[in-house]
Amino acid sequence: MNPFAYHRATSVQDAVTTVAERPDAVYLAGGTNLVDHMKLGVAETALVVDVGHLPLYDIDHLDDGSLRIGADVRNADLAAHPIVRSRYPVLARALLAGASGQLRNLATTAGNLLQRTRCVYFQDVTTPCNKRSPGQGCSAIGGYVRYHAILGASPHCMATHPSDMAVAMTALDAQVVYVDVDGEHRLPLTDFHRLPGEEPHRDTNLPAGALITAVEIPAPLDGAHSTYRKVRDRNSYAFALTSVAAELVTEDGTINSARIALGGVAHKPWRAHRAEHALLGQPAGEDTFTAAADHELAQAEPLEGNEFKVELTRRTLVATLLGLMEGHQ
Amino acid sequence: MTAVQPHAIGTALTRLDGPAKVTGTAPYACEYQLDAPLYLHPIQATIARGRITAMDTADAQATHGVTAVLTVFDAPKLADTSDGDLTILQDNQVHYRGQLIGAVLAETAETARHAAGLVRVDYDTETHHTELSPEDPDLYAPEEVNAGFPTDTTDGDVEAALRDAEVLVDQTYTTPHEHNNPMEPHSCIALWDNGSLTLYDSTQGVHAAREKLATLFGLEPGRVRIVAKNVGGGFGSKGAPHSHNTLAIMAAQRVPGRPIKLALTRQQMFDVVGYRTPTIQHLKLGATTDGRITAFRHDVVEQSATVKEFAEQTAVVTRMMYASPNRATSHRLAKLDVAVPFWMRAPGECPGTYALEVAMDELAVACDLDPIELRLRNEPDVDPETGNPWSDRRLVECLSTGAERFGWHPRNPEPGVRSNGEWLIGTGVASSVYPAMNMPGNAARIECTAPGRYAVAIGAVDIGTGTWTALTQIAADVLDCDVDAVELQIGDTDLPSASVEGGSSGISSWGTAIHAAAQQFRHDHGDNPTPGVTTTAEAPENEDAQNYGMYSFGAQFAEAHVSRYTGEIHIARMLGVFSIGRVINPATLRSQLIGGMTMGLSMALHEESVRDHRFGHIVTRDLASYHISAHADIPEIDALWLDSVDEHSNPMGSRGAGEIGIVGSAAAVANAIYHATGVRVRDLPIMCDALLS
């Protein structure tokens, strides 16, 4: 833990200009992840700019049917919102599958997107980690990898993104709205988080100093059914071994639209494009779902110690889609 | 020997310490408000074996607010270094990763933590060995195992009986590293003043801690006072001081007159305050086809540390649980470059019963018998280990009562055939056992403080179990007064000597002393004593202990639901029925029993400290990565007990209840999962990947 200065931002503009002048500054909102990291020495920052109280806490149902969620909306409030519950069940369920009641009361929408991996080696400054200190090496390889990636990892980092909320938002084609000194910008959530590649210390494509102000989610498709299923080692307050956010539109038993994202398996919420493609136009049923899951997971590259996650993810995807069909009938 | 007429005993008196605890006014060790405290943050070894060559403390020393930095090169010498767990900073050797090798003392906790991170340590690293293996050529037999039990036992001709057995179960069961993780971290305030030490400590035994620490620092016990009024759980890990206490006292000696506060972080609790050894248990059960057990063999491999031996008594339960003429048990240890394992939640009985009771389930399957019937057929008339009669066994009643209340029958023994949609459903049963112990060395003082009012004093502690309440009830009955007339005083070495809150012996041992003191008090002062009169008396030894098999027993039931797709496990319900002797307080008893059962569920499905042998330390070092069961894991749980009085255990007729709840519950869960799926998992914890096949 380092000594640090604290600045309570007076406005979005104040926050952005303050951080723009101080590359060693970080934003603080709910603090449920950052404060832990400051205590553990994982995050070393000289200036904390508090944005948790800024007026970014509205949930607006826009005229085009989309939803605009303020960056500071607490996870608990978002999960309880009537429109989220009725129109985006996949998102409500994902939120409620995350963390604990106490944490959801504090954790914000933007902070949830920006939370860092729970890789045990990343969180322990006495073990080498390329994400924490580039060039040190990855301790997960050859180590404890139960919660590590099976898709899209690199030899430099096997970490997974821990969010549930972001997995649902990824399936829903959400956009991240952010502000920097040049003004407001948008980034599709599918492009927001990164794969580790050779720069595992970079979790996202958010420009340095930018402040997320909202997340926008388009209107759900007509006739869509969606849900979120999370498989974990205990029934609450545990990160996903694997999770599935899925939305299906079927007509007369044929799949007209499928949007699927996987959690707990990659450095980012994993949009399962291959599975989606395999489902389109096919009859909804276990054979189709299994073929789609196989197609997606053909690209999996598990580590020694987490091979089971490939089969687990395949089965979870199939069970989730079957559950959607059952609920639908 | 039951002598106490129960009036307050047996009533569900609400916890007397409850209002103070829920309003935050009950002080825990680190919360005492003392003038001008300083804060201590440990420096820990980041290698598992080797030698410290240098500690650069310049940046830490230069940090504003830092008072002192302790290192292995300048720490005071201890008077006694025979306890390898407590002995730190006496040389530059590193024996395990996380070992305390120094500390920073500062005006704030934050400054101390920051400055501790600025100390640079250089090492000569040696190859370490932290991995337990049954093939380790250096395995050895300790002289005895924990609680003074023999290391090995043999009765009859086990090998011949196994050779001739019509049915044989021959399997290996493993349990992982587990850490106690009480809610309140290990913490203390040490104050060194005029050659005397005052320690506010989170401990399970103030007098036991005083004896250890006085020896360590070469102090007369009278110069050491230890206070523990409220303790936020211990589960064994606070049954003795650990090296953080040494560190705090060393720091206090460096700055006489200033209170030194040390509260370990959750992560540090995975390094230096004890844990349960992993166990590798090989069981062989021989039986006739109709399920009469002819032989038990239970061989255990587990670990200890290079700095101090701790040998968990894992196989002792197999020596006495069921009838069989031929029984053999053994314990072998590996001395590894790890921190010292210690007591954790029914050490011995808990992991041993897990293995034994799953093996019993396997035998029931092999004999095509209902698992309850198998146990009934092997019910011993007397304690198989000693030949003594049971004081109050009644396991059969626990099993039959439980079966009825749980709805055990009818049960299709075929596994994997019952389901509800996606979810396979199974039920499991296991027996529980825990010895009824009375510890020596207890005394109590009774003072008449006003007409009809009494102060009752003993250096007992309440670690969250209800001691404040239960001892008050006992005191009221032995003095024949209302509970309101009793002012209980506990948690201080200034009070009469008391044994440690461990081995489920607290209420039995302390209650016996209070009973003895009350009898002597009435003898000395009559029924209408003059205010101010005082009597102190020691608890007598229980002569029946040598003549009876004195244990609590229980039967535990679980219903498991397992996803046929993902292997996810949901335990729908658990029930325990216990033979526990006379109940002192049904409310606190039920809490203890369902708490223990929950820990057993937690052991079955969740708890595992993962040691990364490349580094040598536990890498799942917080409560997000070291899973204990959450509320959502236990939809329905209940504990019942037989109406009972143990004529031989103590004057109250009670037996301890702290640990029996955890014994057997993991096996009941494991057996239910087998019944649901047909997959027999023998390695804990059981997680979804083991059921994916």
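Since this is a predicted model, take the numbers as computed values, not measurements.

What about the environment of Thr 294 of chain B?
All names here are of chain B.
Moving on, step 1. By the secondary structure assignment, Thr 294 is in strand E16 (residues 293-305).
Moving on, step 2. Placed 136 residues apart in sequence, Thr 294 and Val 158 show a C-alpha to C-alpha distance of 8.3 Å.
Moving on, step 3. If sequence neighbours within four positions are ignored, Thr 294 has contacts with Ala 161, Ala 165, Gly 286, Ala 287, Thr 288, Ser 324 and Asn 326.

A few points about helix H7 (residues 349-367) of chain B
Residue and element names in this part refer to chain B.
Moving on, step 1. In a regular helix each residue adds 1.5 Å, so 19 residues correspond to 27 Å; H7 covers 26 Å between its end C-alpha atoms and thus fits that length.
Moving on, step 2. For H7, a buried count of 17 out of 19 residues is recorded, marking the element as mostly surrounded by other parts of the structure.
Moving on, step 3. Looking at the residues trailing H7, positive phi occurs at Asp 368, about 55°.

Some words on the pairing of strand E1 (residues 38-44) of chain B
Residues and elements named next belong to chain B.
Moving on, step 1. Extensive coverage of E1 is indicated by the burial of 7 of its 7 residues.
Moving on, step 2. Side chains Leu 38, Leu 40, Pro 42 and Gln 44 project from E1 onto one buried face, and the interleaved Tyr 39, His 41 and Ile 43 project onto a second face that is buried too.
Moving on, step 3. In this structure, E1 lies alongside strand E14 (residues 260-263), joined through 2 bridges in parallel fashion. Residue Tyr 39 lies in a different strand from E14, and its bridge partner there is Lys 261.
Moving on, step 4. Relative to strand E5 (residues 100-106), E1 runs antiparallel, the two being bridged by 6 bridges. Residue pairing across strands places His 41 opposite Val 104, the latter belonging to E5.

Things to note about the sheet that holds strand E19 (residues 423-435) of chain B
Residue and element names in this part refer to chain B.
Moving on, step 1. Read across the sheet, 5 strands follow the order E18-E19-E24-E25-E28 without closing on themselves; strand pairing throughout is mixed. Of all strands in the sheet, those bounded by a partner on one side alone are strand E18 (419-420) and strand E28 (637-641).
Moving on, step 2. Bridge count for strand E25 (residues 569-579) against E28 is 5 bridges, and the pairing is parallel. Looking across to E28, one finds that Gly 576 is bridged to Ala 639.
Moving on, step 3. Helix H9 (residues 395-406) contacts E19, strand E24 (551-563), E25 and E28 of the sheet and is inclined by roughly 140° relative to E25.
Moving on, step 4. Sheet strands touched by helix H12 (residues 586-605): E24, E25 and E28. Its angle to E28, the strand with the most contacts, is close to 130°.

Overview of the confidence of the model for chain B
Moving on, step 1. Across chain B, pLDDT averages 97, with 100% of residues at or above 70.
Moving on, step 2. In the predicted assembly, ipTM is 0.97 and pTM is 0.98.

About the criteria used
Residues numbered from 1 in each chain as written. Chains lettered and ligands numbered in written order. Predicted model: local features only at pLDDT ≥ 70, side-chain atom pairs only at ≥ 80, totals over all residues. Helix = DSSP H or I, 4+ residues; strand = E, 2+ residues; numbered from the N terminus. Contact = placed C-beta atoms within 7 Å. Expected span 1.5 Å × (residues − 1). Buried ≥ 20, exposed ≤ 12 C-beta atoms within 10 Å, placed from the backbone. Pairing = 2+ DSSP bridges. Axes fitted to C-alpha atoms, helices over the stretch in contact; angles between N-to-C directions. pLDDT = per-residue confidence, 0-100.

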